[in-house]
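# Summary of structural features
The chain contents come next:
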Amino acid sequence: GALVYQYPRRTICKSGTSMRMECQAVGFQATSVAWYRQSPQKTFELIALSTVNSAIKYEQNFTQEKFPISHPNLSFSSMTVLNAYLEDRGLYLCGASRNTGQLYFGEGSKLTVL
Amino acid sequence: GEQVEQLPSILRVQEGSSASINCTYENSASNYFPWYKQEPGENPKLIIDIRSNMERKQTQGLIVLLDKKAKRFSLHITDTQPGDSAMYFCAASANNNAPRFGAGTKLSVKP
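Residues numbered from 1 in each chain as written. Chains lettered and ligands numbered in written order. Predicted model: local features only at pLDDT ≥ 70, side-chain atom pairs only at ≥ 80, totals over all residues. Heavy atoms only, no water.

## Examining the overall build of chain A
Basically, it comes down to this: A helix here means a DSSP run of H or I that spans at least four residues, while a strand means a run of E at least two residues long, and both kinds are numbered starting from the N terminus. The globule rule used for comparison is 2.2 Å times the number of residues to the exponent 0.38, while the radius of gyration itself is calculated over C-alpha atoms. Think of it in three bands: residues with accessible area under 20% of the maximum for their type are buried, residues over 50% are exposed, and the middle band is partly exposed, with areas taken using a 1.4 Å probe on protein chains only. Throughout, a contact is declared for two residues whenever any of their heavy atoms are within 4.5 Å. Throughout, the Shrake-Rupley method with a 1.4 Å probe supplies accessible areas, and for residues the shown protein chains are the sole cover considered. Charge convention: Lys and Arg are scored as positive, Asp and Glu as negative, and His as well as the terminal groups of each chain are ignored. A single reference atom marks each charge: NZ on Lys, CZ on Arg, CG on Asp, CD on Glu.
Scanning chain A from terminus to terminus reveals 0 helices and 11 strands. Computed over its C-alpha atoms, the radius of gyration of chain A comes to 13 Å, within 12% of the 13 Å expected for a compact globule of 114 residues. Along the longest, intermediate and shortest principal axes, the C-alpha atoms of chain A span 35 × 25 × 25 Å. By residue count, 52% of the 114 residues in chain A fall in the buried class. If you take every contact in chain A between residues at least 6 apart in sequence, the share linking residues at least 24 apart comes to 54%. Accessible surface, chain A: about 5,600 Å² in total, of which carbon and sulfur atoms supply 50%. In chain A, 11 positive and 7 negative side-chain charges are present, and the distance between their average locations comes to 6 Å.

## A look at the sheet that holds strand β1 (residues 3-7) of chain A
All names here are of chain A. So the rule is basically this: Pairs of strands are assigned from DSSP output, requiring at least two bridges between the strands. Only the stretch in contact is used when fitting a helix axis, every axis being a line fitted to C-alpha atoms; angles between N-to-C directions are given from 0 to 180 degrees.
Spatially, the 4 strands line up as an open sheet ordered β1-β3-β8-β7, and their pairing is antiparallel. Since the sheet does not close on itself, it has two edges, and those belong to β1 and β7 (69-73), each with one partner. The sheet shows a mean angle of 15° between the axes of neighbouring strands, direction not considered. Here β1 runs beside strand β3 (residues 19-26); their pairing, made up of 5 bridges, is antiparallel. Each bridged residue has a counterpart across the sheet, and for Tyr-5 the counterpart in β3 is Gln-24.

## Brief notes about the packing of aromatic side chains
Basically, it comes down to this: For this analysis, a ring pair means two rings from Phe, Tyr or Trp (six-membered ring only for Trp) whose centres lie within 6.5 Å, classed as stacked if their planes differ by under 30 degrees, edge-to-face if by over 60, and tilted for the remaining angles.
Scanning the entire structure with this criterion turns up 15 aromatic pairs over all chains. Between B:Tyr25 and B:Phe33 the ring centres are 4.9 Å apart and the planes differ by 45°, which places this aromatic pair in the tilted class. Each member of the pair, B:Tyr25 as well as B:Phe33, carries the same accessibility label: buried. Measuring from ring centre to ring centre gives 5.6 Å for B:Trp35 and B:Phe73, while their planes differ by 65°; the resulting arrangement is edge-to-face. Placement of the pair is B:Trp35 in strand β4 (residues 30-38) and B:Phe73 in strand β8 (residues 72-77), with a sequence separation of 38 residues. Accessibility classification places B:Trp35 together with B:Phe73 in one group, the buried group. Of the aromatic side chains, those joined through ring pairs into one cluster are A:Tyr36, A:Phe44, A:Phe105, B:Tyr36, B:Phe89 and B:Phe101.

## Quick look at the nonpolar core
Using the following cut-off: By nonpolar core we mean a set of buried residues, namely Ala, Val, Leu, Ile, Met, Phe, Trp, Tyr and Cys, connected to one another through side-chain atoms within 4.5 Å.
Grouped together as the largest cluster of nonpolar side chains are 24 residues, with contacts concentrated most on A:Trp35, A:Ile47, A:Phe67, A:Met79, A:Tyr92 and A:Leu111. At the level of secondary structure, the elements contributing two or more residues to this core comprise β3, β4 (32-38), β5 (44-51), β8 (76-81), β9 (90-97) and β11 (109-113) of chain A. Here this core gets 4 residues from one element, more than from any other, and that element is β3(A). For A:Phe67, the residues in contact, after removing those within four places along its chain, are A:Arg37, A:Ile47, A:Tyr58, A:Phe62, A:Met79, A:Thr80, A:Val81, A:Asp88 and A:Tyr92. If you look at the next biggest cluster of nonpolar residues, it comprises 23 residues, including B:Val13, B:Tyr25, B:Ile50 and B:Ala92.

What follows is the structure in structure tokens.
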């Protein structure tokens with residue numbers, strides 16, 4: 001079956017430092033990887049959609065300078081939260097897709113900023 | 001626009017009764033509508049989805065309806081059990097773009 005592994009599960013970082021999270025697709029080719037953030041008590045905000053061999057599409061309010069993403073092959077993607085501050089805390093989720101629209105989510109990376 | 005509206009935000013039902021969650025979307029090009037269940041501390045899990053070539057889909061006590069004219073879709077949980085208590089999110093996507101999520105519904109099923 002299709003599985004998505006995401007790590008680390010939790011990170012506590014100091015304000016102004018950075019956090020990198022990784023997403024590994026197993027059992028299928030992750031043509032597209034979408035990164036979301038779920039802030040406390042909120043829904044899932046789309047950060048960006050990365051499709052192999054295409055430019056990464058960032059949503060309004062999210063930039064490559066703040067959330068650089070790498071998607072070098074059909075099984076791996078990573079995203080970094082640079083210079084994290086309190087408003088960046090939340091659960092970050094990667095969702096990998098075979099390009100059918102159906103996303104398989106990783107377990108999430110919970111970011112706490114002190 | 002890409003907004004997905006979801007109501008209600010909180011839903012409390014008695015065990016054995018049914019629960020309904022409604023969503024509307026703006027983008028008429030949307031063609032894929034997944035529903036996710038998220039338990040506390042867990043990632044969201046896909047429970048059922050429907051594509052725009054269907055109006056109704058049913059699986060294991062879940063029914064989803066899609067009204068493309070009204071840009072509305074809904075999830076109906078029949079014979080609810082305490083284990084159905086969770087956050088539920090609807091989402092809509094167009095042409096293999098990343099799904100946009102609704103705000104979520106907190107379902108509580110009382111024994």
